[in-house]
Amino acid sequence: NEGVGGVNVQGGNARQIRVQVDPNLMRSYGLSPSMITAALQRENQEVPAGRIEGPVTERLVRITGRVIDPLSFGEIPITVRNGTPIRVRDVATVVDGAANRRSAAELRGASAVSLEVLKINGANTVAVADGIKETVLELTNELPRDIELQIIRDDSVRIRDSLKDVYTSIVLGALLTIMIIYLFLNSWRSTVITGLTLPVSIISAFFIMWVFNFTVNTMTLLALSLAIGLLIDDAIVVRENIVRHLEMGKSHENAAKDGTDEIGLAVFCTTLAVVAVFVPVAFMGGFIGRIFFEFGVTVAFAVLVSLFVSFTLDPMLSSVWADPEVEHAINDGGVHQAQQRKKANPIRRFAFWFNDVFERIADRYPQWLGWALSHRAVVLAGATLTIVASFFILPLLGFTWMPDVNGDEFSVQFRAPPGSNLDYTRGKGREITTFLSKLPETDFTYLSVGGGFRGGPNSGSVFVKLKHDRKRTLAEIQTDLRVRLRGIPGIRPSIQGQSSIFGGRRQPIIINVQGPEAARVKLTAERVLQVVRGTRGVAEPNSSEDGDIPQLDVRVDRQEAWRAGLGVGSVAATLQPLFAGERATTWEDEQGYPHDVVVVFPDSLRASAEDVKQLPVASGTASPGGLPAMVPLSQVADIRAGVGPQQIERRQLEQQVSISAGVLPGFAMGNVADDIRRALDAMGLPPGYRAVFTGDVQSLEETKGYVLEALILAVVFIYLILASLFGSFLQPLAIMLALPLSFIGVALALWMTGGSMNVMTMIGVIMLMGLVTKNGILLVDFTNQLRAAGGERKDSLLSAGRIRLRPIIMTTVAMIFGMLPLALALGAGAEARAPMARAVIGGLITSTLLTLFVVPAMYTYLDDFGHWVSSRLTSAADHDRAGAMIPEPATGD
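What you are looking at is a predicted structure, and each value in this text was computed from that prediction instead of being measured.

Caption draft 1: Molecular detail of the sheet that holds strand β8 (residues 103–107). The six strands lie next to each other as β9-β8-β12-β13-β11-β14, forming an open sheet whose pairing is antiparallel. Where the open sheet ends on each side, the last strands, each with one partner, are β9 (110–112) and β14 (492–496). Between one strand and the next, the sheet's axes are offset by a mean angle of 25 degrees, whatever the strand orientation. Taken strand by strand, helix α18 (residues 422–437) contacts β8, β11 (409–415), β12 (442–450) and β13 (459–466), and its axis lies near 170 degrees from that of β12. Against the sheet, helix α19 (residues 474–484) makes contact with β11, β13 and β14, and its axis sits at roughly 20 degrees relative to β11, the strand it touches most.

Caption draft 2: Focus on the sheet that holds strand β2 (residues 15–21). The strand order across the open sheet formed by four strands is β7-β2-β19-β18, and the pairing between neighbours is mixed. Each end of this open sheet is capped by a strand with a single partner; those strands are β7 (92–98) and β18 (582–588). This sheet shows a mean twist of 25 degrees between the axes of neighbouring strands, independent of strand direction. Examined bridge by bridge, β2 and strand β19 (residues 594–600) share four bridges and lie parallel to one another. Of the residues in β19, the one forming a bridge with valine 19 is valine 599. Against the sheet, helix α2 (residues 33–43) makes contact with β2, β18 and β19, and its axis sits at roughly 25 degrees relative to β18, the strand it touches most. In the packing of helix α22 (residues 568–580) onto the sheet, the strands contacted are β2, β18 and β19, and the crossing angle to β19 comes to about 130 degrees.

Caption draft 3: Examining unusual backbone geometry more closely. Even without being a glycine, asparagine 213 presents a positive backbone phi close to 60 degrees. Note that asparagine 213 resides in the loop between α7 (197–211) and α8 (218–226). The exposure class assigned to asparagine 213 is exposed, which follows from its relative accessible area of 65%. One non-glycine residue with positive phi stands out, namely glutamate 540, at about 55 degrees. Relative to the elements of secondary structure, glutamate 540 occurs in strand β16 (residues 538–543).

Caption draft 4: Fine view of the packing of aromatic side chains. Using the criterion set out here, one finds 16 aromatic pairs in the structure. Between phenylalanine 278 and phenylalanine 295, the ring centres sit 6.0 Å apart and the planes meet at 55 degrees, which makes this aromatic pair tilted. Of this pair, phenylalanine 278 sits in helix α11 (residues 252–282) while phenylalanine 295 sits in helix α12 (residues 286–311); the two residues are 17 residues apart in sequence, bridging distant segments of the chain. Owing to a relative accessible area of 1%, phenylalanine 278 belongs among the buried residues under this scheme. Ring-pair connections join several aromatic residues into one group, and the members of that group are Phe212, Phe214, Phe283 and Phe293. A cation over an aromatic ring shows up here: arginine 677 above the ring of phenylalanine 693, its NZ or CZ 4.5 Å from the ring centre. Its guanidinium or amino end placed over the ring of phenylalanine 399, lysine 704 lies 4.2 Å from that ring's centre, counting from NZ or CZ.

Here is what the cut-offs are and how they apply
- Residues numbered from 1 in each chain as written.
- Predicted model: local features only at pLDDT ≥ 70, side-chain atom pairs only at ≥ 80, totals over all residues.
- Heavy atoms only, no water.
- Pairing = 2+ DSSP bridges.
- Helix = DSSP H or I, 4+ residues; strand = E, 2+ residues; numbered from the N terminus.
- Axes fitted to C-alpha atoms, helices over the stretch in contact; angles between N-to-C directions.
- Contact = heavy atoms within 4.5 Å.
- Buried < 20%, exposed > 50% of the residue type's maximum accessible area, 1.4 Å probe, protein only.
- Phe/Tyr/Trp six-rings, centres within 6.5 Å; stacked < 30°, edge-to-face > 60°.
- Lys NZ or Arg CZ within 6 Å of the ring centre and 35° of its normal.

What follows is the structure, given as structure tokens:
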């Protein structure tokens, strides 16, 4: 199938023709394994020999020497002695059987053969899975009825569920946003005019996805779901201002033009501020940058389209589409509206009631703002306290890479003692599956032992599929199993949860102990493992160093071997094919499938060290009969029991041992890793040896740096945009004070929902930097307009606050309700995305409430500071001019 990068077969064993040689018969005939291998290769061939050309036709000449019956391999002559051929059957037994099993698989306790399919880099997981499912369906119709094909694990299901949840969040967010618009504007025409921005912006976002060759994936749809409330902000502000000008008695065309012109700079500033935030997000480095590139580009383009629609489509529709609700209220002094209230349906009556309540609160806002302007120091001190409090709360939340997901599957990796064979490990795996199958939450289990991706025959994995309708969460089940699985003797279990939004299944904490000497690295790794085990919050710490495996050391005596005409190479050439098996040739069955023909010792002659000692080795000298003299291996080598490494890890040209560990619920991965790092620093490692954190810990550390860079760049870009558009170096500082005011909301939202600082919340904080400036921009821009028209500073601030309160609250509530479905984590896998929405919602609430009072107070301070600086500069300039007018004193004799 297209997109498939590799297939690992677990369980079963292939058909194999095994030529099992007898060492005693080999000794008597003076034969070596290489002679048998050469004979099999020589006699099992099909070779083209040319062609015969006739007067009209030509015919090919082909030597057909392929063996038809696998047992006929025994009739192949190896050599001829005294005119008598010595055949394979004289020294070996040909068995049409199966290869030795090095892996096993069981489903629901029954033996199985499984295929683990990997996709190539860049391939679409869903497309690859669909292709495999089609192939499985075709094979099901072709295979015998007693063979069943079943898909055990499918990562595309997780992706589909995530996409379905994001689709739902987008639709629900759009509906809630439209409801909020209607609630505030109380006009379905205004709601339609404003709401048209959503489909236009979202559909246009697919264009930029096509340009950049993005796919419809979790990140691009997450960008759209978070931007639902944001995309409609510009249209809300523009339409609200147009309605305000309509209420002044202006015509549709003049109201549309004047209202858009008046609010144009503020809307343009807010949009550029948002884009300025997402540009650094799109171009972050590292793994996080590759993931959020699509996120940032999609949001930035969609926001720019919403700005274009707000300045074109919305004013055009407002200029030609009459709004009777507004016009009747203007012309008849509210008589028509009073009649409408009496005849209104429950929804419209609720909208009228809501607007009445809002207007009463809005009428009191200037009084509250006036008090804040009269007590500026108190207001700014309170704002400072909220910022300080947020920096005390945020570290308590803890840092982690990704939020935990309450999925429906997990796996138990386990290892048996070094040197354990396949049957022993499979037996231990069956104990685990039997125990797991008794859990009420378990749907089915799948056991795999050994194999290419699993490691040696002493390692295995049990995949557990849970029932969707269960009482306990995934974290609760895993916590319970971590204790109970320890009761199974002879294994080292390790529980790995469901893959996150970014994919992958591994332990979150991985420490690589590196150094120049293998023995010293092992000792150092053991000390590091003890430190990890003693750290609070650590679950199931394990080491890749399982210990040495038993082996037989064949130590060749060079002097004795030299006397017998042998060398180390000839001894190895004899042992390796007989014990490991040597592929001599292939045999094709009736269906044309090839099968290996292997020369090997019988299993019964490979059971002990004595069998190895008695192995005959062909020497370099001839016997009296002219045959190669055969000497037992024990004559030229010392065979003794020993141990050897089970695996050798190297990284950056150094020896390495990996320490892995999970994290218990209630603990943050970053905090646990910091505790381990401090303990290792206190313990101290030998010179030249080091412990390097990799895995999710490394990803988290890199992400912190990249997010900090993006955050700084976003703040700088916002300031440059505001300073250039407002023509002031000080006023942007008042607006940007809303940035730290959002931190307390982020901290409280995460603390109340049991969240942590992770990748999603960090991106949400960056996103907030562009969103929270909106309120300050609306206030400051309109205040400047009123002051330019001759108004006093305080009166201008109070008037601007009262007039701009409705669009400020409208846009904030629209963004909150647009992200609310995502924050509620309604669908599968939504727990990984919800913290971003929760952080943004919390930051929007506090920044909006504080901005309404803090930004005006800071505005007056900065305005006073600007006047003070200007007066000092003016005084200095007047002094310089006065000094220049004083004549030089006359000098003379």
